[in-house]
Amino acid sequence: MQFKHPEVLYFLSLLVLPILVHLFQLRRFKTQYFTNVRFLKELVVQTRKSSTLKKYLLLATRLLLLTFLILAFAQPFWEAKEAKNAKNELYIILDNSFSMQAKGKKGELLKRAVQDILAEAPESANFSLLTNTESFWNTDIKSIQRELQNLSYSATPFEPERLIAQVRAHRSTFRKDIVVISDGVGTRAEALGVLNNDEKGYYIPVQAEKTQNIAIDSVYLDQTLDQFYEIEVAVRSYGATSEAVPVALYDGKKLVAKTLVTFNQPRQTLKFTLPKTEFNGYVSLNDNSLEYDNTYYFSLSKPEKSRVMSISETAPATFLTKIYTPDEFEFTATTLATLPYALLEKQDAIVLNEIATLPASLQTTLKAFVAQGGNLILIPAPETNVSSYNALLNALGGGYVYQDWKVTDRLVTKINFNHPLYAGVFEKKTENFQYPTSKAGYTVQTSFPTVLECNDQRPFLSAVTRGGGTIYCFAAPLRQEWGNFKNSPYLIVPTLYNMAFNSQKTGVKASTLGSSRPYIAAVSLGADEIVSLQKEETEVIPEQQRLYNQVKLTFSTQPQQAGNYTLLRKKEAVDQLSFNYPRTESDLQSVPSNWMAEWEEITATDQLFDTLQADRSDTVIWKWCILLALLFLLIEIAIQKIMR
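Residues numbered from 1 in each chain as written. Predicted model: local features only at pLDDT ≥ 70, side-chain atom pairs only at ≥ 80, totals over all residues. Heavy atoms only, no water.

*Asks:* Break down a nonpolar patch on the surface for me, with residues and values.
*Replies:* Together, L69, F73, W624, I626, L627, L630, L633, L634 and I637 line one region of the surface with nonpolar side chains, adding up to about 880 Å² of accessible area. Secondary-structure elements contributing two or more residues to the nonpolar patch are helix 2 (41-74) and helix 10 (622-642). Broken down by element, the nonpolar patch gets its largest block of residues, seven residues, from helix 10. Looking at the element boundaries, F73 is found in helix 2. You can call F73 exposed: its relative accessible area is 56%. (Patch = residues over 30% accessible without salt bridge, like charges linked within 9 Å, V, L, I, M, F, W, Y side chains within 5 Å. Areas by Shrake-Rupley, 256 points an atom, 1.4 Å probe, with all protein chains shown as cover. Salt bridge = Lys/Arg side-chain N within 4 Å of Asp/Glu carboxyl O. Helix = DSSP H or I, 4+ residues; strand = E, 2+ residues; numbered from the N terminus. Buried < 20%, exposed > 50% of the residue type's maximum accessible area, 1.4 Å probe, protein only.)

The following block contains the structure:
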């Protein structure tokens, strides 16, 4: 027990006064004689005994009354077990990704979480609240009530590491309480990480009642007929379902076709035939789970083949012809001596296949080629003069330097599955596979993101986007005598295929919101002109870079809503583009069991605030002291009236 005003306890010494009053009888009694007192002797004895008892009872009650009265003014209390955290600052991290659209016992997970915060947060409490896209610092529940009620779902995936880093970057002299409200879908194991010494972590898990979900995965052009396009729609089921699901195809708002899909396998494809005209619409389905992935927007135009040119020192590379097949590519193989420079600017991708020295004229042409949106693939030659390679890379912005040639065995053991080059290639992350080998290669110094890495933690393939195009650099030749990378078809085929593949020429235009992959629009702009995207009454301006006779568009920040958009130049339509939300939240079963690591679990929001209040509030005792003092006062009055 502790006291807020311990100095008041000195008044307990005054308790000696009632004792002195009762010990010394200040009133003197006078003897009065009666004619006959024999019959009064017994009554006198009884009266003296009753008076003595009454005296001691009054003494006890008065002592206790004064004691509890003095204690009440000293304000005693029991210190809370977490008293040191009583001044902690509260930070609430609320997941508003699309997986929170799922329905729990009391409705949609996000809406229910918002209602709980609005209902349970004390009006006087000051806190900070962070979502996937927004931050409200040092606020209270009344100030952000409207914002919380209008909180929408975000295409930005839930990344607790990033949000916790923002909390830690927010400087404060107090300890921090960090509360995470999320379903954990799409997070990695131990995503919340380890807490710092000045932090206390809580998580409130929310869970959907049903984890089954059906999503439209992608749309692509299957084949082009004389008068029709045949498209395929990939539909994926997460969790077993036996019901047939209706799927409809719309051109604008006009229903074009409708069918049913049943799932005897997790992934099913549907075929639709469309007239050979421009199409700007979507395909949709109905299920009882998430809504955001039930619609896939796409635009359809005349497909074109991607143009790829391979330049070799002497004999053209024959292995590339097996990858860049005539049905999808216009592939040209040439030697350096017979190189047609005039055709370089018309290519979508150029492969420099083991050229010993790059001429200065070729370096100048390739610099302009990459700036205009072309992809450049560098495969070095063994023991070559690397100065020309480094001169080209330096002209393209630097960041990659070929150094010493070393003959040493290495294994390609790590794949960057999150790299855009492998988007949609692998069903799951493969850890157990036959590693390709490299018998020799260059030591490189690079700041480029690594795509493939060797067992000595050195890059085998790196990539970076510069200007309008992407540069891919191998650290070793692919010739058979220097390794067996070409004997790994599951790796070399998607790698080289996606390097040269131009998704803009497939005929299907469907970008992912937030993607950093650029779109090259064939629009010539003046010095002060820009292009914009329009959907119904909404018009946004994406990031753009004016090239020679094109515009490089990047959609990492705008637009933010999925749909069919028209690309405008001076209010004139020049192209049709479609955007979709990323499907990273579709699998409601992808929740690691230990994503919350060492954090303390709180079952509900109301329990959170009750716990913080109960564990950090001192137990006040002075009120009980007042009540006990009043009780003994009443007891004293009763003794005075009852006992004679």
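*Asks:* So what about the packing of aromatic side chains? Which residues, and what values?
*Replies:* Under the criterion given, the structure shown has 22 aromatic pairs. Ring geometry for F98 against Y153: centres 6.3 Å apart, planes inclined by 20°, an arrangement best described as stacked. With F98 in the loop between strand 3 (89-94) and strand 4 (103-104) and Y153 in the loop between helix 4 (145-149) and helix 5 (160-169), the pair connects residues that are 55 residues apart, well separated along the chain. Just as F98 is buried, Y153 falls in that class too. Put simply, the rings of Y389, Y400, Y402, W405, Y442, F448 and W482 touch in pairs and so form one group of aromatic residues. (Phe/Tyr/Trp six-rings, centres within 6.5 Å; stacked < 30°, edge-to-face > 60°.)

*Asks:* Explain the side chain of T131 to me, using residue names and the numbers behind them.
*Replies:* Along the polypeptide, T131 turns up in the loop between strand 6 (127-130) and strand 7 (135-139). Taking the relative accessible area as the measure of exposure, T131 reaches 1% and is therefore buried. Ignoring sequence-local partners within four residues, the contact set of T131 consists of L94, N96, L151 and L163. (Contact = heavy atoms within 4.5 Å.)

*Asks:* Now, about unusual backbone geometry: what can you tell me, with residues and values included?
*Replies:* Following Q558, the chain continues into P559 via a peptide bond in cis, with omega recorded as 0°. Structurally, P559 can be placed in the loop between strand 32 (551-554) and strand 33 (563-569). The backbone of E354 shows a phi angle near 55°, a positive value even though the residue is not glycine. With respect to the element layout, E354 can be found in the loop between strand 19 (349-353) and helix 6 (360-371). Despite not being glycine, K570 shows a phi value in the positive range, around 55°. Structurally, the position occupied by K570 is in the loop between strand 33 and strand 34 (572-580).

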